[in-house]
Amino acid sequence: MKILTIGGGGREHAIINAFSRSPKADKLYAAPGNGGISAIAECYPEIKATDIEAVVDLAKKLNPDYVFVAPDDPLVMGMVDRLNEAGFKTFGPKANAAILEGSKVFSKGLMKKYGIPTANYEAFTDPDKAVAYIKEKNSYPTVIKCDGLALGKGVIIAENEEQAVNAIKSMLLDGKFGKSGSEIVIEEYLTGPEVTVLAFTDGKTVKPMISSMDHKRAYDGDKGLNTGGMGTIAPNPLYTEEKQKECMEKIFLPTVRAMEKEGRPFKGCLYFGLMLTPRGAKVIEYNCRFGDPEAQVVLPLLQTDLVDIMEAVWEERLEDLEVKWSDESCACVVMASGGYPERYETGKEISGLDEKGQHKGVYVYHAGTKLGGNAAEKRAVYLTSGGRVLGITATDQTLQGALDKAYGAVKEISFEKAHYRMDIGKRALNEGQ
Ligand code: AMP
Ligand code: GLY
């Protein structure tokens, strides 16, 4: 089988690595891919993950059995629809289902309509009405979100009226987030530990994967700016069996059924960003794809062939497939460029990696790397090319063991101004007893 994966980050490296373990997959392609991915798949670095025309043309040239569309933007833009029209089988939702991530106003409306637990909210396009609303509520912190995609930066937690008014103005008046911020959601502030649950769904059946915990802030102790994610662990020890039952009954099944009822069947990986509040589990956000770096800790624990799952989702027979998981733990520590998520430099040589971009005892998922040309030396040189650079990932019988292995390797891998958090998994270890 030939499989083309769209995207070029650590998540895509984890997905392609899972495919590489399948006896069914004999040719793997990636567009654009990255330095590390090029060790296991043929990459097309000149093709952008958001360029629908170029991806359809590439698919026509390669004629893959499946195209796996991994990132949010192309899914929301309708890449799957276009690939299907051109006759290709795909993994990932069509645009009318990807809207679950593409529009907070849509997803909040869906949850309200179907009684799926989430923070109370109101949606606004008029800045005066939004300001009048927060003044009347006068309750802080309050959460202000852009309707559309904003690279994870469209959520502002305002501690007081001044911050709330500024956030509303930046979105609705100054157009800081472009079209994504032309409508906003103002919602109630929730508290409690966060859990990510990814789930396979074919539009009817939903099979949750192993739970995980992301660490979104840039610095230790959850300080600094929000990032795409600085590290993950799986399973999340705070997500007990009781919580699993509650979420299946009140959140996962109702969401999949609601989408089917709305004529928007969701086929692919549905991401549930949950908060375990004192009043039950609530949805913080839906994403229409695997999380990054959640995929990096969840997929290594998957024992069922990912190709079998992809086929079952496409053919809508997920109900009949048993999806098996290892009972080990997995940890991923992200090594980022100094300065990320703000300004950072690239092009730094990475030391501590072998020819294939790997390191003994761990799996190194490449997020922002490229191969540097060094023909004279005849050895592969990996250079940094993004904010998040590597995800050092290890599995073990225990979470502590997985973290020890990952951090052991992190110390042996370096590049100029590398930055990583020292406390990945700490909260899970402390609170998860
Ligand atoms: P989102 O992009 O919607 O996941 O929001 C980013 C982060 O903001 C989440 O991971 C939470 O930590 C935080 N957040 C979002 N919504 C709320 C809320 N209603 N209450 C408290 N924190 C929130
Ligand atoms: N790690 C968070 C996300 O993928 O949205």
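Procedures and definitions
- Residues numbered from 1 in each chain as written.
- Chains lettered and ligands numbered in written order.
- Predicted model: local features only at pLDDT ≥ 70, side-chain atom pairs only at ≥ 80, totals over all residues.
- Heavy atoms only, no water.
- Near = heavy atom within 4 Å.
- Polar contact = N/O pair within 3.5 Å; in protein donor to acceptor, adjacent residues only side chain to side chain.
- Areas by Shrake-Rupley, 256 points an atom, 1.4 Å probe, with all protein chains shown as cover.
- Nonpolar A, V, L, I, M, F, W, Y, C, P; charged D, E, K, R; others polar.
- Helix = DSSP H or I, 4+ residues; strand = E, 2+ residues; numbered from the N terminus.
- Buried < 20%, exposed > 50% of the residue type's maximum accessible area, 1.4 Å probe, protein only.
- Axes fitted to C-alpha atoms, helices over the stretch in contact; angles between N-to-C directions.
- Parallel < 35°, antiparallel > 145°, perpendicular 65-115°, else oblique.
- Contact = heavy atoms within 4.5 Å.
- Phe/Tyr/Trp six-rings, centres within 6.5 Å; stacked < 30°, edge-to-face > 60°.
- Lys NZ or Arg CZ within 6 Å of the ring centre and 35° of its normal.
- Core = buried A, V, L, I, M, F, W, Y, C linked by side-chain atoms within 4.5 Å.
- Pairing = 2+ DSSP bridges.

A. Seen up close, the site of ligand 2. If you check the shell around ligand 2, you find Asp214, Gly228, Tyr271, Asn287, Arg289, Gly291, Asp292, Pro293 and Glu294 and nothing else. Here an oxygen atom of ligand 2 sits 2.9 Å away from a polar atom, N or O, in the side chain of Arg289. With respect to ligand 2, the side chain of Glu294 contributes an N or O atom lying 2.9 Å from a nitrogen atom. The protein chains hide 88% of the 200 Å² of surface that ligand 2 would expose on its own. When grouped by side-chain class, the residues that make up the shell around ligand 2 number two nonpolar, three polar and four charged.

B. Spatial organisation of unusual backbone geometry. Pro32 follows Ala31 through a cis peptide bond whose omega is 0°. Its location among the elements puts Pro32 in strand β2 (residues 27–32). Backbone geometry places Asn138, a non-glycine residue, at a positive phi of 45°. In this structure, Asn138 sits in the loop between α7 (127–137) and β7 (142–146). Of the residues examined, Asn138 reaches a relative accessible area of 51% and is grouped as exposed. Phi angles above zero are rare outside glycine, and Asp222 is one such case at about 55°. Mapping Asp222 onto the fold places it in the loop between β13 (217–219) and β14 (223–226).

C. Seen up close, the packing of helix α1 (residues 10–20) against helix α11 (residues 306–314). In the contact formed by α1 and α11, the axes pass within 8 Å of each other and the chain directions differ by 100°. Our classification of the angle between α1 and α11 gives roughly perpendicular. Where α1 abuts α11, its residues Ile15, Ala18 and Phe19 lie against Leu306, Val307 and Met310. A per-class count over the contact of α1 with α11 returns six nonpolar, no polar and no charged.

D. Inspection of the packing of aromatic side chains at higher detail. This structure, assessed with the given rule, holds 12 aromatic pairs. Here Tyr29 and Tyr44 contribute two aromatic rings whose centre-to-centre distance is 6.4 Å and whose plane-to-plane angle is 50°, an arrangement assigned as tilted. Note that Tyr29 is positioned in strand β2 and Tyr44 in the loop between β3 (42–43) and α2 (52–62), a separation of 15 residues in sequence. In terms of burial, Tyr29 and Tyr44 fall into one category: buried. Each ring, one from Phe91 and one from Phe200, has its centre 6.5 Å from the other, and the planes form 80°; the classification is edge-to-face. Placement of the pair is Phe91 in strand β5 (residues 90–91) and Phe200 in strand β10 (residues 194–202), with a sequence separation of 109 residues. Grouped by ring-pair contacts, the aromatic residues Phe19, Phe68, Phe91, Phe200 and Phe290 constitute a single cluster. Here the guanidinium or amino end of Lys267 rests over the ring plane of Trp314, the centre of that ring lying 5.0 Å away.

E. Layout of the packing of helix α6 (residues 104–114) against helix α9 (residues 241–261). At their nearest, the axes of α6 and α9 sit 10 Å apart, and the two run at 105° to each other. Judged by the angle between their axes, α6 and α9 are roughly perpendicular. Across the interface between the two elements, Phe106, Leu110 and Tyr114 of α6 pack against Ala258, Met259 and Lys261 of α9.

F. Structural context of the site of ligand 1. Near ligand 1 lie 15 residues; those nearest to it are Glu187, Glu188, Leu190, Glu194 and Glu285. Within the side chain of Glu187, an N or O atom sits 2.7 Å from a nitrogen atom of ligand 1. Within the backbone of Leu190, an N or O atom sits 2.8 Å from a nitrogen atom of ligand 1. When isolated, ligand 1 has an accessible area of 470 Å², and the protein chains bury 90% of it. Only β7, β8 (155–158), β9 (184–188) and β17 (280–287) provide two or more residues apiece to the shell around ligand 1. Its residues assigned to classes, the shell around ligand 1 shows eight nonpolar, no polar and seven charged.

G. Examining the nonpolar core more closely. In this structure, Leu4, Ile6, Leu83, Ile251, Phe252, Leu390 and Ile392 are the most contacted members of the largest nonpolar core, which totals 74 residues. Setting aside chain neighbours within four positions, we find Ile251 in contact with Ile116, Pro117, Glu246, Phe272, Leu274, Ala281, Lys282 and Val283. Listed in part, the 44 residues of the second largest apolar core include Ile210, Val298, Ile309 and Val313.

H. Local environment of the pairing of β17. Along β17, seven of the eight residues are buried, which leaves the element largely enclosed by surrounding structure. Sheet topology note: the strand β16 (residues 267–277)/β17 ladder contains seven bridges and is antiparallel. Bridge pairing in β17 places Phe272 opposite Tyr286. Hairpin connection from β16 to β17: two residues lie between these consecutive antiparallel strands.

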